[in-house]
Amino acid sequence: MSTNGASAPAPLGLLAELTHRCPLGCPYCSNPLALDPRSDELDAATWARVFREASALGVLQVHLSGGEPAARRDLPEIVKAARDANLYSNLITSAVGLTAEGLSKLADAGLDHVQISIQDSEPASADHIAGYKGASARKHALAAEVVRLGLPLTVNVVVHRANIARVEAMVEMALALGATRVEIAHVQYYGWALKNRAALMPSRAQVEEAVGIVERLRQAHRGRIVIDAVIPDYYARFPKPCVGGWGRRSLNVTPAGRVLPCHAAEVIPGLEFWNVRAHTLADIWRSSPAFEAFRGTDWMQEPCKSCALKEKDFGGCRCQAFLLAGDARAADPVCHLSPHHATVERLAGERADAAYAYRHS
Amino acid sequence: MEQAGPIAAGARPRLPRGVRLTHNEAQGGWLLLAPERVFKADAVTAEILKRCTGEATVEAIVDDLMKAFAGAPRERIESDVMKLLGGLAEKRLLELD
């Protein structure tokens, strides 16, 4: 292949899915439809080894995610292991199931940053989306605790048809909670979100309005809060440079230890993933078949192969190419140059106010 | 964050909780880590940031850098420091108390 292992760039980030267990049922959850069972979860000592190997490989930041990472009782030990490995640790939490006391233990263990997901600025709607009564109040309470402890807070809001009209209110909510960063993340359609696509998909007009509002707020709040936006790619003309390019910047370890180039990669048939129980992270990064499969540009077909942007967007997302064009080597159909682009426009038009298929574990 | 005016010489800059300067061999040197952000820090930037402890004033930091980078004119160092600190403060990567 094009990079052949040793010349692979050093990764910057590791997404550590500590568990797939979660009390919430968000219909856009990025976890796979088939979740890793608790009995298969890596223990804290194995995570500690993975963190040391990651740091030696160049990883700087570890995102402790799930599922709900606080579902693990040994979370403080895992946070400490990240710190000991000289990694910057980011807790990605639903805030449900994490007490103030638990959070304080994580802060003492060296946690660097907390990201709390909030489903909407309207509490009743937020609880409905999460499929958990009282979730919104608990999230607000934990956010206050994060700020009280002096930890930086990011509020993550996943945006879709039910809440897109309140983008401005959600940024105001993040400011009021004391967040220094807010993610306005339009749903990406994989896993549970793909299953619920028709119920989640906003209209093009709604998306364009929301993007304009975010741009205005970004200027208005400059220096007060950082607003990061994940764009809704079904309405884009160019694909996103998914995970910064396959096997270039980040890796993802599942609760059971499989190492993936991105969290959705297991939808692509025929990829061979290696497990941290059997291989070092460096071996997996450099030599595992799944990481080599789409590294560089040699695997590309037209229109990507001769495209001037191929080193910028890497042909977009491999999972989306497989899911929407039926071929993981095809151009991401979000790209207007893809022969399947009309499919994306048609799918975006399939909107229906169906009941959510809540994620369940 | 008040970024309207110039940074006072008596301000005591420090990296807030959640912002860390680190060294990683595989990444080839010094880096400033923040929520969902990584900034490569060149040698001069790293020397400035190492001194942002919340104890030293901007003026003292410039004095100290004069010793570390002997021969560099004071105005040049001062302007580099102000530019760096102002930019970081605007991104909320630095506190100026």
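Residues numbered from 1 in each chain as written. Chains lettered and ligands numbered in written order. Predicted model: local features only at pLDDT ≥ 70, side-chain atom pairs only at ≥ 80, totals over all residues. Heavy atoms only, no water.

1. Some remarks on the overall build of chain B
Applied cut-off: Segments assigned H or I by DSSP are reported as helices when at least four residues long, segments assigned E as strands when at least two residues long, and all are numbered from the N terminus. Throughout, the radius of gyration refers to the C-alpha atoms, and the reference size of a globule is 2.2 Å times the residue count to the power 0.38. Here's how the labels work: a residue is buried when its accessible area is under 20% of the maximum for its type, exposed when over 50%, partly exposed in between, all with a 1.4 Å probe on protein chains only. In short, Shrake-Rupley with a 1.4 Å probe defines the accessible areas, and a residue's cover is counted only from the protein chains shown. His is not counted here, nor are the chain ends, while Lys and Arg score as positive and Asp and Glu score as negative. Charge coordinates come from a single atom per side chain, which is NZ of Lys, CZ of Arg, CG of Asp or CD of Glu.
Helix and strand counts for chain B stand at three helices and five strands. Across chain B, helices and strands are ordered from the amino to the carboxyl terminus as β-β-β-β-α-α-α-β. Taking 13 Å as the expected radius of gyration for a compact globule of 97 residues, we find that chain B reaches 13 Å, a close match to that expectation. Here the C-alpha coordinates of chain B stretch approximately 35 × 30 × 20 Å along the principal axes. Looking at chain B as a whole, 39% of its 97 residues qualify as buried. Accessible surface, chain B: about 5100 Å² in total, of which carbon and sulfur atoms supply 50%. Seen as two clouds, the 14 positive and the 15 negative side-chain charges of chain B have centres 4 Å apart.

2. Thoughts on the interface of chain B and chain A
For clarity, the threshold we go by: Whether two residues are in contact is decided by their heavy atoms: any pair within 4.5 Å suffices. Summed over both partners, the accessible surface that disappears when two parts come together, traced with a 1.4 Å probe, is what is meant by buried area. In the sections that follow, a salt bridge refers to a side-chain nitrogen of Lys or Arg positioned within 4 Å of a carboxyl oxygen of Asp or Glu. Polar contacts here mean pairs of N or O atoms no more than 3.5 Å apart (in protein, one a potential hydrogen donor and the other a potential acceptor; neighbouring residues in sequence count only if both atoms are side-chain atoms). Charged means Asp, Glu, Lys or Arg here, nonpolar means Ala, Val, Leu, Ile, Met, Phe, Trp, Tyr, Cys or Pro, and polar covers whatever is left, Gly included.
With 19 residues of chain B at the interface, the matching set in chain A holds 36 residues. Taken over both partners, the interface formed by chain B and chain A buries close to 2100 Å², and the fraction arising from carbon and sulfur atoms is 47%. Of all residues in chain B, the largest losses of buried area upon contact with chain A belong to Arg17, Arg20 and Glu36 of chain B, amounting jointly to 33% of the total for that side. Counting across the chain B and chain A interface gives three salt bridges. Salt-bridge contacts for Arg37 of chain B lead to Asp228 of chain A; the nearest nitrogen and oxygen are separated by 3.1 Å. Viewed at the interface, chain A and chain B are joined by 15 residue pairs in polar contact (both at pLDDT 80 or more). Secondary structure elements with two or more residues in the side of chain B that touches chain A: strand S2 (20–24), strand S3 (29–34) and strand S4 (37–41) of chain B. It is S2 of chain B that provides the largest number of residues to the side of chain B that touches chain A, a total of four residues. Tallied by class, the residues present in the side of chain B that touches chain A amount to seven nonpolar, five polar and seven charged.

3. Observations concerning the packing of helix H2 (residues 58–68) of chain B against helix H3 (residues 74–90) of chain B
Residues and elements named next belong to chain B. Inclusion rule: Axis lines are fitted through C-alpha atoms, for helices just across the contact stretch, and the angle between N-to-C directions can take any value from 0 to 180 degrees. In what follows, roughly perpendicular refers to angles from 65 to 115 degrees, roughly parallel to angles under 35, roughly antiparallel to angles over 145, and oblique to any angle outside these ranges. Left-handed describes a crossing whose near helix is turned anticlockwise from the far helix by less than a right angle; the clockwise case is right-handed.
The geometry of H2 relative to H3 is characterised by a closest axis approach of 10 Å and an angle of 130° between their N-to-C directions. For the element pair H2 / H3, the angle class is oblique. As H2 packs across H3, the resulting crossing turns out to be right-handed. Judged by residue contacts, Val58, Glu59, Val62, Asp63, Leu65 and Met66 of H2 engage Arg74, Ile77, Glu78, Val81, Met82 and Leu85 from H3.

4. Focus on the sheet that holds strand S9 (residues 259–260) of chain A
All names here are of chain A. Let me state the cut-off plainly: The criterion for strand pairing is that DSSP finds at least two bridges linking the strands in question.
Read across the sheet, nine strands follow the order S7-S6-S5-S4-S3-S2-S1-S8-S9 without closing on themselves; strand pairing throughout is mixed. Of all strands in the sheet, those bounded by a partner on one side alone are strand S7 (226–230) and S9. Note: strand S6 (residues 181–186) against S7, five bridges, orientation parallel. By the bridge assignment, Arg181 is partnered in S7 with Val226. Seen against the sheet, helix H1 (residues 44–57) touches strand S1 (13–17), strand S2 (61–65) and strand S8 (250–253) and runs at an angle of roughly 170° to S1. Sheet strands touched by helix H9 (residues 204–220): S6 and S7. Its angle to S7, the strand with the most contacts, is close to 160°.

5. Comments concerning the packing of aromatic side chains
Residues and elements named next belong to chain A. Note the following rule: Two aromatic rings, drawn from Phe, Tyr or Trp (for Trp, its six-membered ring), form a pair once their centres lie within 6.5 Å of each other, and the interplanar angle then sorts them: stacked below 30 degrees, edge-to-face above 60, tilted otherwise. Two limits define a charge over a ring: the Lys NZ or Arg CZ must be within 6 Å of the ring centre, and within 35 degrees of the ring normal.
Counted by the stated rule, this structure contains six aromatic pairs over all chains. With centroids separated by 5.0 Å and ring planes inclined at 90°, the aromatic side chains of Trp246 and Phe294 adopt a geometry described as edge-to-face. Of the two residues, Trp246 is situated in the loop between S7 and S8 and Phe294 in the loop between helix H11 (289–293) and helix H12 (310–313); the sequence distance between them amounts to 48 residues. Look at Trp246 and you get buried, because its relative accessible area is 7%. Aromatic side chains Trp285 and Phe291 sit 5.4 Å apart centroid to centroid with 55° between the ring planes, which places their arrangement in the tilted category. Look at Trp285 and you get buried, because its relative accessible area is 1%. On the basis of relative accessible area, Phe291 is assigned to the buried category, the value being 0%. Lying across the ring of Trp285, Arg295 places its NZ or CZ 4.8 Å from the centre.

6. Some thoughts on the nonpolar core
Soluble, globular proteins show a tendency: their nonpolar side chains are buried together. Stated precisely, the cut-off is as follows: Nine residue types can take part in a nonpolar core, namely buried Ala, Val, Leu, Ile, Met, Phe, Trp, Tyr and Cys, and a core is a set of them joined through side-chain atoms within 4.5 Å.
Ranked by size, the top nonpolar core spans 92 residues in total, and within it Leu14, Trp47, Phe51, Leu64, Ile116 and Val155 of chain A carry the most contacts. Not counting chain neighbours up to four residues away, the residues in contact with Trp47 of chain A comprise Ala16, Glu17, Leu18, Leu42, Arg72, Ile78, Val253 and Thr254 of chain A.

7. Let's talk about the side chain of Lys139 of chain A
Residues and elements named next belong to chain A. Looking at the secondary structure, you find Lys139 in helix H5 (residues 135–148). One buried charged residue, Lys139, forms no salt bridge at all, with the nearest opposite charge on Glu68 at 7.1 Å. Apart from residues lying up to four places away in sequence, Lys139 is in contact with Leu24, Ser94, Ala95, Ile116, Ser117, Ile118 and Gln119.

Spatial relationships are all this shows, so hold off on functional conclusions.
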